[in-house]
Amino acid sequence: MEKGKHLYYVVLVVLAIVFPIVFNVPFVQHVAIMVFMYGMLAESWNVIGGYSGLFSFGQAAFFGIGAYTSTLLYMQLGLTPWIGMIAGGLVAIAAGIAIGYPCSKLKGHYFAIATIAFAWIINILFTNWSFVGAATGLSPELAPADSWYAFQFRSSKLPYYYIGLFLMLLTVYVVNKVIKSKTGFYLRALGENEEVAASLGVNIAKYRLISISIASFFTAVAGSFYAQYVLYIDPPSVLAHFLSVEIVLIAMFGGSGTIWGPIWGALILVPLSQYARAIWGGMGSGLDIMVYGFVIMVFSIFRPRGVVSFFIRK
Amino acid sequence: MSELLKVEGLTKRFGGLVANDDISFTVNKGEIIGLIGPNGAGKTTLFNCITGFHKPTSGKVFFDGRDITALPPHRVSKIGIARTFQITQVFPKMTALENVMIGAFAMTNSVSEAKDMAAETLSFVGLGKKMDVSGESLPPPEQRRLEIAMALSTNPSLLMLDEAMAGLNAVEIDESLEILRKLNKKGITLIIVEHVMRAVMNICKRIIVLENGRKIFDGEKEKAVNDPAVIKAYLGDVYHAEG
Amino acid sequence: MDTTNLVQAMVSGLLLGLPYGLIAMGLSIIWGVMNIVNFAHGEFLMVSMYITLGLYTFWHFSPVMSIPVSAVILFGTGWLVYRYIVSKVMSGPMLAQVVVTFGLSAFLQGLFLFLFTGNYRTVKVSGILSQSTNIHGVYVSYPQVIASLITIVVTLFLSWFMKNTMTGRAIMATEIDRETAKLMGIDTEKVNALSFGIGLACVGIAGAILSSYYYISPYVGLLFGLMSFVIVALGGFGSITGAVIAAIIIGEVESLGGVLVGPAYKYALVFSLYLIVIFIKPRGFFGW
Ligand SMILES: Nc1ncnc2c1ncn2[C@@H]1O[C@H](COP(=O)(O)OP(=O)(O)OP(=O)(O)O)[C@@H](O)[C@H]1O
Ligand SMILES: [Mg+2]
């Protein structure tokens, strides 16, 4: 049964590879790239929120840290965003530990609110910090032609498509590896009952930080990817509270605490919101957010364990 | 007999309430100790202080000659003290096997080894057929036994059980007692908090009685039944219950 | 900074903080009774501000006259939201409980954005609501004073209500120990619906009076909502007076921080204070 399931995913991956060649429409490709990015974000969140029971509503902070780090390193030092991406991930881990360590006793709602507050602080600081462009934001100098070094491709969306796909699958792969290991067992243990976990020898504080680090890293990598995709970042686009919320909603909608749930969530919700936005005219009209909110509400009532609960019996 | 656990002048206050008042005792290797006392006497609090879940207000705890006062719970587990909780606590969504694996990971980093060890421990407590049932779907008596298996899987030298027989019927109590006896034969020292007197009297040689946070008796069980302070504590309790 | 400026900042902080308290109180009751954080709390404030705007636009209700209307509408809304949405997830996984009100907040924000666009609107006030006074160089605006007074009245009323009425005591009992309350014959489902209603009624009152001096937009709930989470977490959930005291502290930090560090950073200061307190006392100032 396990084998058959894997085959099924291999087929899906192959389909994903040929998809943009068959549907060579920029908007469709854009939606797919967003699916990958949000899939990656939701899967990262899954590690903390889905498995370890730490409901972070401040992931935008790490996304923004990733976006700003790689962009700044490129603008200030000419460092390729590929390395900037890793650097962003590491800075995000540092930030995650800085906030996670003192939060090590917070649970449930208290943890959620602390993460919201943290993300707002980062947002406010970046909005007022001229070195990072303050409210105007940053846009790196455009490379004269498509460039792997500069991580800029403007003649086609295809490179972004494949990079995005790769990053998402990499995230899924790593998270799956972690979850199947001793560390993963420990993370699930703290998600289910910290007290018992501690009595069985699990160092709660340490594993919380491991969990936060993994999530922060991949969230920041997604942030760098986004920065290279749009080539313009500012606090409202990469540090927004709504982004944090979206990440949780997608993971939860698909089914948090399962490996593929968050990806399903992105696959369904992201096109929904992208098309709603396109059809009902821009961000301003509100219909997209409304549909989003409605779907989430209905789902948390009737399918609290997410879309994947349609497939999993138990 | 060599000394395994030593508690020295342990006091725990919650605000004005003194839950543990200057408690001292020692436990030797291989003993089975019954810790009893009326509701609110401070038994669970004492467990929590020994296992690092509470920080004692004053006093010291030694294990194997080492000062372990206020070590965090996971460290206490690592040095060989395992415990269960008064209100049954298991990982609800994990299977019984996975529940026990968490403990077994104290011994190994390998998932497949942990799996084998956990399976063995589950069979030992008689849950061999329930490995794939989730923690929350086990009936309460089996959850109690799962808890014991979880604690055991960390390979403790001291096992502390907080009312592990509450809510069990007579047959189940006998089964549990059998398990505990086997464990003791393997060399595991036991401290059991229990309101089921039959169980305590059956398995323990030595009894420690707490009342209002104080230790009022420490000695052979035969002497406890005739001790005036113990009788008063328990009769007082009965009066309260009936009045 | 001279004394007048300092006094000015402190008075402003008090007048800023007290109305936060009114909003937070509502959240606190809901949180305390149901152990659920209403993440749509700020959005309900926004709804009540639009109700006030509507009453003003169509019938020239002044914000003060809107208070009872808005309170009643929001009470009813709270009751319905509990019955048809929140109660459905009460026994579900915690994540569903957390997320359902997030969904509601997005829905409301989107709905009002769609209906009224993102433009800022204001209620044009006249009479005392448009006036202010100057006491020894300290500027005080009447609408803020009225909002603060109303907060105090509601605080006193709710404290009295919780202690001295059957309904209030049933709510308190449920808050302390739901299972025991149930055993004693309290209809806890009704208590939940009622608490949600009361929680939103607080926001209804706050929204009406805030409309007299605060701009109205679909996004206005975001900040107020966040402030109230922080305040409740600081004040200890379920505590009415705790919420008011924490609100005053937050108002002072915001106001003094704005003067001393710069207005751009005032919210960063508020949230930092929150994080520092919560690190030291994970359950807030008054929690255990
Ligand atoms: N975390 C705590 N905070 C405040 N008081 C506590 C706490 N834990 C225990 N207490 C109090 O300490 C006293 C001792 O409680 P404890 O649970 O240790 O008693 P016990 O002997 O285990 O009783 P029981 O037989 O009912 O389990 C009680 O009065 C209890 O209310
Ligand atoms: Mg006890």
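Residues numbered from 1 in each chain as written. Chains lettered and ligands numbered in written order. Predicted model: local features only at pLDDT ≥ 70, side-chain atom pairs only at ≥ 80, totals over all residues. Heavy atoms only, no water.

A. Broad picture of the sheet that holds strand S1 (residues 3-14) of chain B. All names here are of chain B. An order of S2-S1-S4-S5 is seen for the 4 strands of this open sheet, with the pairing classed as antiparallel. Edge positions in the sheet fall to strand S2 (17-28) and strand S5 (66-67), since each has one partner strand and no second. Across 2 bridges, strand S4 (residues 58-63) lies against S5 in antiparallel orientation. Each bridged residue has a counterpart across the sheet, and for Phe 63 the counterpart in S5 is Arg 66. (Pairing = 2+ DSSP bridges. Helix = DSSP H or I, 4+ residues; strand = E, 2+ residues; numbered from the N terminus.)

B. Inspection of the interface of chain A and chain B at higher detail. Contacts between the two partners involve 19 residues from chain A and, on the opposite side, 26 residues from chain B. Carbon and sulfur atoms make up 64% of the surface buried where chain A meets chain B, a total of about 2,000 Å² over both sides. The largest contributions to the chain A side of the interface with chain B come from Phe 185, Glu 192 and Leu 200 of chain A, which together make up 32% of the buried area. Across the chain A-chain B interface, the total number found is 1 salt bridge. The salt bridge involving Glu 98 of chain B is made with Arg 188 of chain A; its shortest N-O contact spans 3.0 Å. Connecting chain A to chain B are 11 residue pairs in polar contact (both at pLDDT 80 or more). Sorting the residues of the side of chain A that touches chain B by element identifies helix H7 (182-192) and helix H8 (194-199) of chain A as the ones contributing at least two each. Looking at which element gives the most residues to the side of chain A that touches chain B, the answer is H7 of chain A, with 6 residues. (Contact = heavy atoms within 4.5 Å. Buried area = accessible area lost by both parts, 1.4 Å probe. Salt bridge = Lys/Arg side-chain N within 4 Å of Asp/Glu carboxyl O. Polar contact = N/O pair within 3.5 Å; in protein donor to acceptor, adjacent residues only side chain to side chain.)

C. Local environment of helix H6 (residues 166-176) of chain C. Residues and elements named next belong to chain C. For H6, the complete set of buried residues consists of Gly 168, Ala 170, Ile 171 and Thr 174. Within H6, the buried residues cover an arc of 160° as seen down the axis, which keeps them to one side. Exposed residues pointing more than 90 degrees away from the buried face of H6 are listed as Met 166 and Ile 176. Where H6 is buried, its residues touch helix H1 (3-34), helix H5 (142-164), helix H7 (178-183) and helix H8 (188-210). (Buried < 20%, exposed > 50% of the residue type's maximum accessible area, 1.4 Å probe, protein only. Arc of directions from axis to C-beta.)

D. The coordination of the magnesium ion (ligand 2), seen in detail. All names here are of chain B. Donor atoms from the polypeptide that coordinate the magnesium ion (ligand 2) comprise Thr 44 (OG1) and Gln 86 (OE1), at 1.9 to 2.1 Å from the metal. Remark: Gln 86 occurs in the loop between strand S6 (81-83) and helix H3 (96-104) and Thr 44 occurs in helix H1 (residues 43-50); sequence separation between them is 42 residues. Owing to a relative accessible area of 33%, Gln 86 belongs among the partly exposed residues under this scheme. (Donors = N, O, S within 2.8 Å, 3.2 Å for Na, K, Ca; no water.)

E. Just the domain arrangement of chain B, in detail. All names here are of chain B. Examined at the domain level, chain B breaks down into domain 1 (3-80 + 156-242) and domain 2 (89-155). On a C-alpha basis, the centres of domain 1 and domain 2 stand 24 Å from each other. In this complex, domain 1 contributes 17 residues to the contact, which on the side of domain 2 involves 10 residues. Counting the surface lost from both domain 1 and domain 2, the interface buries some 1,200 Å², and carbon and sulfur atoms represent 69% of this. Where domain 1 packs against domain 2, one counts 1 salt bridge. Between Glu 175 and Arg 145 there is a salt bridge, with its nearest N and O atoms 3.4 Å apart. The tally of links from domain 1 across to domain 2 stands at 2 residue pairs in polar contact (both at pLDDT 80 or more). At the level of secondary structure, the elements contributing two or more residues to the side of domain 1 that touches domain 2 comprise strand S7 (158-162) and helix H6 (170-185). (Domains from an automatic or database assignment.)

F. How the structure looks around the site of ligand 1. Residues and elements named next belong to chain B. Not every one of the 13 residues close to ligand 1 is listed here, only the nearest: Gly 40, Lys 43, Thr 44, Thr 45 and Gln 86. A distance of 2.7 Å separates an oxygen atom of ligand 1 from a polar atom in the side chain of Thr 44. Taken by itself ligand 1 offers 630 Å² of open surface, and the protein chains cover 64% of this. Of all the elements in the fold, those that place two or more residues in the shell around ligand 1 are S2 and H1. Per-class residue counts for the shell around ligand 1 are 4 nonpolar, 7 polar and 2 charged. (Near = heavy atom within 4 Å. Areas by Shrake-Rupley, 256 points an atom, 1.4 Å probe, with all protein chains shown as cover. Nonpolar A, V, L, I, M, F, W, Y, C, P; charged D, E, K, R; others polar.)

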